[in-house]
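Architecture at a glance
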Amino acid sequence: MTKRTLPPRRFIKPTFEFLIEKKRDGGEFNQEEIRYIIDSTLDGDLPEHQLSALLMAIYFQQMSAQETAELTEEMMLSGEVIDLSHIAKPKIDKYSTGGVGDKTSLVLVPLAMAAGVLVPMMCDDEHDYIINTLEKLASVPGFKTKLTIAEFVSQLGKIGGAIVAQDEKLAPADAKFFETRKQTGTIPSLPLITGSVLSKKLAEGSEGLVIDVKWGNGSFIKDLEQAKQLARSMTRVGRSMKRRCVALVTDMNQPLGDTVGTSLELKEAIKLLKGEGTEDMQELVLKLGMEIVRLAGVAGSTLSAKQTVQRHLTDGSALEKLKELVKAQGGDTSYIDHPEKFPEAKHIRKLPAPKRGYVHTINAAMIARGVHILGGGRDKPKDKIDYAVGVSEIRKVGTQVKQGEPLMMIHYNDESKLEQALEYFKSAYRLAPKRPNPPPLVVERVA
């Protein structure tokens, strides 16, 4: 682990007013100004109201590729940087901007481990009612979501993978930025997203990164062009920092897979690790998995990468790696062997189709909010999650249904929460008399 060490330099400190006005008027910060902003944020010298104004100016005026790269590096160096050079394996992480029903990390991390890739994954909270990877894993009794940096490095050395909560010692400047961004409506800023994600991911010790940039009603990025721009920004900055980086822009205008809910999604991930599962999940796992093994250099050609991913999904080796990871972090692996041990909801009720037709659109965010109301998420960090609740057997866009047939199955424990959740579930679906053309799952590859 290393901390930033700066050579002595001659730098005349500007006022914060000057920096705000410079960016407000479209100016470009140099490296020393960015370093000064980061240092002042960490030291508490930059007042909250001026940090808010500065972030708002960045939101409207953007940052150049050079500025974004320098911001990313300074935020990365604002805390500890994990050194994994003593472990002789390619070190590739995977990051998703977050989507409803996205349980790909639960499959891809053990899959990559089985292929000989080291995966140092730290997770943040997701956006807008989206259940994060750690919340899903926490449904396994005993599973520890928090490790010290020393424990994290030790586990990586022993088994080649870890999925843990973000350590506050890594990129602490970003944490301060992020809190202010949440309060000022500047979360969607592309350079700030790029700096936030890459500063933390590269501080973990990753040599490369595969990024899943999601767009649509089930993502915080609603606009396709903005998603493409973010993918380009991340890969460009990653390369400028001498890291291998590939991004896929993927559709999130309906839930991924056929479940939403903590233990329901983990059970679906276990099915995928047995070579089963829905077409969309199998497709996305295959494509992201191929990018990981190619970036790591363990597979050269496209065909070789595809065969590597398919082999580890069907021969049981990736599933064994998930059990290894769960065991290393204190979890009861019998739940992976016997998914029927996960708690089940007291009640299961279908959401009937109001008429005959085809599923034309699905608002994934509304489904996520409904699951959240049932108890499948937290409003406050100390709230308890009901691991049994959620929805399953989700009918996807293009599916034909008869009146009264289930659009999904609702798993719930509390009748008082059901009625409110039902309003969201009913509003999520739109049926039409003609079959729509479902959008492609992978829209663009940026490398």
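For the structure, see preceding data.
Residues numbered from 1 in each chain as written. Predicted model: local features only at pLDDT ≥ 70, side-chain atom pairs only at ≥ 80, totals over all residues. Heavy atoms only, no water.

1. Thoughts on unusual backbone geometry
Look at Gln62: it is not a glycine, yet its phi comes out positive at around 65°. Along the chain, Gln62 falls in the loop between α3 (48-61) and α4 (65-76). Note on Gln62: relative accessible area 33%, which makes it partly exposed. Residue Lys242 is not a glycine yet carries a positive backbone phi of 60°. Mapped onto the secondary structure, Lys242 falls in the loop between α10 (224-240) and β5 (244-251). (Helix = DSSP H or I, 4+ residues; strand = E, 2+ residues; numbered from the N terminus. Buried < 20%, exposed > 50% of the residue type's maximum accessible area, 1.4 Å probe, protein only.)

2. Topic: the sheet that holds strand β4 (residues 208-215)
With respect to topology, 4 strands assemble into an open sheet ordered β1-β4-β5-β13, the strand pairing being mixed. For this open sheet the edge positions go to β1 (92-96) and β13 (442-446), each flanked by a neighbour on one side alone. Each adjacent strand pair in this sheet contributes to an overall mean axis angle of 15°, direction not counted. Bridge count for β1 against β4 is 5 bridges, and the pairing is parallel. The residue of β4 that forms the bridge with Lys94 is Val210. (Pairing = 2+ DSSP bridges. Axes fitted to C-alpha atoms, helices over the stretch in contact; angles between N-to-C directions.)

3. Some remarks on the sheet that holds strand β6 (residues 259-260)
Strand order in this open sheet of 4 strands is β6-β9-β11-β7, and the pairing throughout is antiparallel. A single partner strand is all that each edge strand has here, and the edge strands are β6 and β7 (347-352). Here β6 pairs with strand β9 (residues 390-392) via 2 bridges, running antiparallel. Each bridged residue has a counterpart across the sheet, and for Thr259 the counterpart in β9 is Ser392.

4. Quick word on the side chain of Thr97
Of note, Thr97 is situated in the loop between β1 and α5 (104-114). At 2.9 Å, the side chain of Thr97 and the backbone nitrogen of Lys214 are in polar contact. (Polar contact = N/O pair within 3.5 Å; in protein donor to acceptor, adjacent residues only side chain to side chain.)

5. Quick look at the packing of helix α2 (residues 31-43) against helix α8 (residues 172-184)
Axis angle and axis distance: for two packed helices, these are the angle between their axes and the distance between the axes, and together they describe the pair. Contact pair α2 / α8: the axes reach a minimum separation of 9 Å and the direction vectors enclose 80°. When the axis of α2 is compared with that of α8, the two are roughly perpendicular. Residue-level contacts link Ile37, Ile38, Thr41 and Leu42 of α2 to Pro172, Ala173, Lys176 and Phe177 of α8. In the contact of α2 with α8, the residues fall into 6 nonpolar, 1 polar and 1 charged. (Parallel < 35°, antiparallel > 145°, perpendicular 65-115°, else oblique. Contact = heavy atoms within 4.5 Å. Nonpolar A, V, L, I, M, F, W, Y, C, P; charged D, E, K, R; others polar.)

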